[in-house]
Structures are given as C-alpha cells and as structure tokens.
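Listed below are the residues making up each chain.
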Amino acid sequence: MVDSTILFHNGSVFSTEGPPDCWILIKDGKVAARGNSAEQIKDLNLDNATKIDLQGKLLTPGIGDAHIHVGDVGWGREVLDLHRASVTEPKDSARSKDDFVNLTREYLASEKWLTINDTVNNFEALGWWDESDVPDLETLDSLVSDRPAIFHRRCLHVMALNSKAISALRLDSEEFVPPANIEIVRDENGKATGLLREGFNLVSEIRVESSTTLKRRIILGLETCVKAGLTQVHACEGKEPGLIEAWLELAKENKLKIRVFLSIFYDAFVDLKTRNILPKQGVTFGDRLTFDRVKLFADGALGANTAALSKHYKQAPHSGIALESIESMTFKLTEIMDQGYRAEIHVIGDRAVDNTLDGLFNSGYSIEQIRKFRHILNHSQIIRKDQHQRIIDLGCSCSIQPQFVTSDAPWVYESVPDELHDALYTWKTFLDLGIPVHGGSDSPVEEILPLEAIEAAIKRSDGNGGTFMPAECLTLREALSIFTHGVAQGVRLENKIGSLLPGQLADFNILNGSLDDTSVQNWKILESFVEGKLVFKA
Ligand SMILES: [Zn+2]
C-alpha cells in the first residue's frame, strides 16, 4: 500500500495567529502535525513518507472565493463579453457606443456564438458599464433582428433589450402586469426603451437552456476557478431553471475538483422545496458539493443607482430600490430558517441592511436561535456605525469583494451622499469589531484573481495613484486570512478547513511569496491541494 503521508518542509506555513511554521505533515488527506523547527522532523519517524522540500516557498490554507457565480462565469466565457473583448488595459470596458456596436458586430460576424449556444434562442452578451455607452433600440435592432437580444451590464443588474426581446417579454402588451421592484424604462409614449433594471427574474422566462448546456457552463466556470488556484468556492446559483439539478448531476458524476458550497437563489429554493427535493442544509454530494444557504436580494447595485440608501443619491432624485419590504424580508427569512437553511442577503446600500436586520428581528426566532444560523450580509458596501451592534447581536457576518474598491473608487464619492462616505467598504472596522469577513470576487463582475483581490484589500487603490480611505486597509496577514480562514467561516466550517491545524482537512496552496512582503503583487499561486490531493499546478 502506498503511504499517503507527505511532509512539506523547509518552507513557510501560514498561521492565522502567530509566526509561520516551517514544516507540515499531511496524512490521509488531513493535517497530522506541523512545527517550527527542523529538529522536530527527526522524531516523526517518516522513513516511508514522501518528502517535499518547499525551498522557502509559502504554504497557505486553501484559498477560496466566498461569493462567485460559477454558472455565469462559464456562461460569460461562452457568450460575448464586451469587457473582456475590449480589455486593452485592466478595467477598460466597452467605453463608447461605437465600441459596443463594433465589438458586437465583430462577434456576430465570427458566428462563434451560433456554434456555442446550441440550444439557446437568444443572443446574450455582457460587460457594458455606463448607460451612456448603450446604443438606442434602433441600433440594437440593427445588430440583432432575428431573435431576442439581451445585453447585460457587467453587474448583471441592468439589461438592454432589442425589440424581439421586448416583445418576447410582452413589455408593451396591454395585459402586461409589471412585476414589483423591476424598473422598465419607457419613452414619453410609454413604450419600453429596452432598458430594464433588476429584471433578471423576468428575463429568465425567455432563457431556456438544456441540461447539457448548463453542465458544460458549470464545468467551464469551475475550470476557471481551479486555474485561478482556488480550493473552494461559494457558488451563488439558480437563476436559470435547471441549474441546481445540473450541479447535482455533476457532483454525483464526481466531476467537481474543488469544494463547492451552494448559495441557492430564493426562487430555486422555493422550487426545490415545492417539489419535495430540497436537500437538507449541509448535505454533501459526491464529496464536493454542499447545499449551504439561500440567496436573497435586498437591493440592486451602486453603479446602477439601484442600491437602497438611507438618503438620496447625489446624481438621482431617489434613494435606490429596496427589492424586499421589511414584511417580505421577514416572510422569506422565516421560511428559509424554517427549512433549517441560512440566508445570504445581497445588501449594498445601508437601507438594505436595515431592512434585512429588521426582517431577522421580526422573524419570530429568538436572537440566540438567529445567531446560530450565522447569516451572511453579502457585499456590505455601505454599513453605518449605528448598524454594527445590531449585526453583532444577530451573529451576522460580511462577505466582501475587495476588487470593488478599485473599480468603484473613481466615481463612488460622486454617487453616494456625503453623509455615507465614512460607511463605505469599512472592512478593517468589521475585523476590529470581531465581525467575520469572507473574501470573494463576485465573478463575473470582477475577474477571478484571488491575489489581485488580496492586494486590493491591502492597498485599496483608488485607481488614481491614491488610497481609498487608508484607515480601512488590511494587513497582508488579515487579507490572506479573509480569503482562507474567513472563507471557511463563511460556511461555518472553520474547525474543519481554513487554518491547517492538526486534524483539519488538508486543503492548501503553495505560493512563491513571503509573509514579510508588504504587497502580493509579485506572488504566484503554484499549486492547489484539496484533501491532500493535487488539483492544480501552474
Ligand atoms: Zn453576486
């Protein structure tokens, strides 16, 4: 029998508390021991073990992503991505109407999409940022006239539709009853202009994809995660009908290389519940896929002026869109907890946070009971000081995406009212208050580049050579922790994974970095291991 004992030595083994160790022993997929002196190794009796000399390299607990849309990442790799297609430098995007039109024309001419989108009747693209860069309806129709076309803003909270999509959704029909909280932009004659805010549930009615397509996209998205060096992802899925079933099939076929914790969209949760096929919270399929939580949306996005604020936007005569009232939030949170599930609530504006906390307080569950669920406030971009204690009392945590700061800093002060500026992206404050913080990318909104995300948490670059609120910068140790230990905390598994303590599962990465560095800019993820098995090598 092959001895599955592996010793990694002569390196730097990261510890969330205290100085690093220099060796770690892995046995049968678990951490058997670790230590800080080479002398200790002699006593371990490792004659038959594999010994790997790290040559000074860094070994960290498995790096993860606490908020990512894996299916959408795969989808974004297949359809036209205006952002990626036009990247000439990081963060560049379709920056003009001409860009938008030319990139789409080029893509359509290649006919690539017809071969890829085997079962899809629609034309879909994503990646635009500014509404001023979206061509008018007539131009969109000249681009795609034979089928519905949906062009998603990069945040996926706003869409531009062509006339075929408008009529497929019957937006201009007399019987059309506009769903609550969706903003259909209309011209002076009341006709839909094609712009739709927070309309993804509505649009999903005309997005019908086969199980083969969905599975292919998941695999494509997950491969992207593996290649980025991730060992676990908290996948926010279920916007398309059939997506959760596609995940389940892949898990049972053992096609998932890294750990996946599902955060299921509320509608998918209700659908599974109604059909009596909702797995118990925490159940794992095929060793890798765990049903963890249910995703709710309390508001929209900042760039779209749909995040729900307590004050009016500077550029708009309103305070955003609360997608749930306190009553509906209370109902849904109660329903989720009744099923033994936890919730992950998309909250960008501070009013969305208020509604969510009120919803939890009103749920009928006691504070002690609510704390055990450890609900997650996702994004947590604007949290006022007076909200901290309520968050702590209810045992909630914050899932954050550090790359957002670099993307948003150039415009966010012009959008968010002055009174809320000191509430923006206050991650250091969360950590100092003992609020758990989980790091992620929200990909495809940001690229899956965990080291770029860690760097963004350390540097908080404002994209203009400055630092966005320097007091909120994290140290390298803190930034690394929120993407390892912090991600494990996000699924309440910090005792099993995330810090490589003896007895924990051996999920880890090997990198060419040093903990004495002040930046991870030149670091590289060289290898990833899940349960002691190599799953990626650069
Ligand atoms: Zn997201």
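Relevant structure appears above.
Note that the coordinates shown come from a computational prediction; the quantities given were computed from them, not determined experimentally. (Residues numbered from 1 in each chain as written. Predicted model: local features only at pLDDT ≥ 70, side-chain atom pairs only at ≥ 80, totals over all residues. Heavy atoms only, no water.)

A. Molecular detail of the overall build of the chain. Counting its secondary structure elements, the chain contains 20 helices and 24 strands. At 23 Å, the chain has a C-alpha radius of gyration in line with the 24 Å of a compact globule built from 538 residues. Along the longest, intermediate and shortest principal axes, the C-alpha atoms of the chain span 85 × 55 × 50 Å. Looking at the chain as a whole, 60% of its 538 residues qualify as buried. Summed over its atoms, the accessible surface of the chain is roughly 21400 Å², and 50% of this surface lies on carbon and sulfur atoms. Here the chain holds 57 positive side-chain charges and 78 negative ones, and the gap between their average locations is 5 Å. (Helix = DSSP H or I, 4+ residues; strand = E, 2+ residues; numbered from the N terminus. Rg over C-alpha atoms; globule rule 2.2 N^0.38 Å. Buried < 20%, exposed > 50% of the residue type's maximum accessible area, 1.4 Å probe, protein only. Areas by Shrake-Rupley, 256 points an atom, 1.4 Å probe, with all protein chains shown as cover. Lys, Arg positive; Asp, Glu negative; His and termini not counted. Charge placed at Lys NZ, Arg CZ, Asp CG, Glu CD.)

B. Examining the sheet that holds strand E22 (residues 508–511) more closely. The sheet built from five strands is open, its strands ordered E2-E6-E22-E23-E24 with mixed pairing. Edge strands, defined here as strands with exactly one partner in the open sheet, are strand E2 (12–13) and strand E24 (533–537). Of the pairings in the sheet, the one linking strand E23 (residues 525–530) to E24 comprises four bridges and is antiparallel in character. Opposite Phe-529, over in E24, you have Leu-534 as the bridge partner. (Pairing = 2+ DSSP bridges.)

C. The coordination of the zinc ion, seen in detail. Taken together, His-67 (NE2), His-69 (NE2) and Asp-442 (OD) make up the full set of protein donors to the zinc ion, lying 2.1 Å away. Considered as a linear motif, the donors of the zinc ion on their single chain read H-x1-H-x372-D. (Donors = N, O, S within 2.8 Å, 3.2 Å for Na, K, Ca; no water.)

D. Focus on the side chain of Glu-455. Inspection of the secondary structure puts Glu-455 in helix H18 (residues 450–459). Reaching out from Glu-455, the side chain makes a polar contact with the side chain of Ser-519 at a distance of 2.8 Å. (Polar contact = N/O pair within 3.5 Å; in protein donor to acceptor, adjacent residues only side chain to side chain.)

E. Region of interest: the nonpolar core. Ranked by size, the top nonpolar core spans 104 residues in total, and within it Trp-247, Leu-289, Phe-291 and Leu-302 carry the most contacts. Counting residues per element, this core draws most heavily on helix H10 (residues 243–252), at seven residues. Every residue in contact with Phe-291, bar those within four places of it in the chain, is listed here: Ile-244, Leu-248, Leu-262, Ile-264, Leu-272, Pro-279, Lys-280, Gln-281, Gly-282, Val-283, Phe-285 and Tyr-341. If you look at the next biggest cluster of nonpolar residues, it comprises 21 residues, including Leu-161, Ile-166, Ile-206 and Phe-297. (Core = buried A, V, L, I, M, F, W, Y, C linked by side-chain atoms within 4.5 Å. Contact = heavy atoms within 4.5 Å.)

F. Expanded view of the sheet that holds strand E5 (residues 50–53). Pairing is mixed across the open sheet formed by four strands, whose spatial order is E4-E3-E1-E5. Of all strands in the sheet, those bounded by a partner on one side alone are strand E4 (30–35) and E5. Adjacent strand axes in the sheet meet at a mean angle of 20°, parallel and antiparallel pairs treated alike. Inspection of the sheet shows strand E3 (residues 23–27) paired to E4 by five bridges, in the antiparallel sense. Opposite Leu-25, over in E4, you have Ala-33 as the bridge partner. (Axes fitted to C-alpha atoms, helices over the stretch in contact; angles between N-to-C directions.)

G. Representation of the pattern of salt bridges in the model. One pass over the full model with this rule turns up 34 salt bridges. Residue Glu-245 is joined to Arg-275 by a salt bridge in which the shortest nitrogen-to-oxygen separation is 2.9 Å. You can see Glu-245 sitting in helix H10 and its partner Arg-275 sitting in the loop between helix H11 (266–274) and strand E16 (284–285), a full 30 residues away along the chain. Overall, the relative accessible area of 41% leaves Arg-275 in the partly exposed class. Arg-384 is the partner of Asp-350 in a salt bridge, and the nearest nitrogen-oxygen pair spans 2.8 Å. (Salt bridge = Lys/Arg side-chain N within 4 Å of Asp/Glu carboxyl O.)

H. Quick peek at the pairing of E22. Residues Phe-508 and Ile-510 of E22 are buried on one face, and the alternating residues Asn-509 and Leu-511, pointing to the opposite face, are buried as well. Across four bridges, the pairing between strand E6 (residues 58–61) and E22 is antiparallel. If you follow Thr-60 over to E22, its bridge partner there is Asn-509. Bridge analysis of E22 against E23 gives four bridges, and the strand direction is antiparallel. Among the inter-strand pairings, Ile-510 is bridged to a residue of E23, identified as Glu-527.

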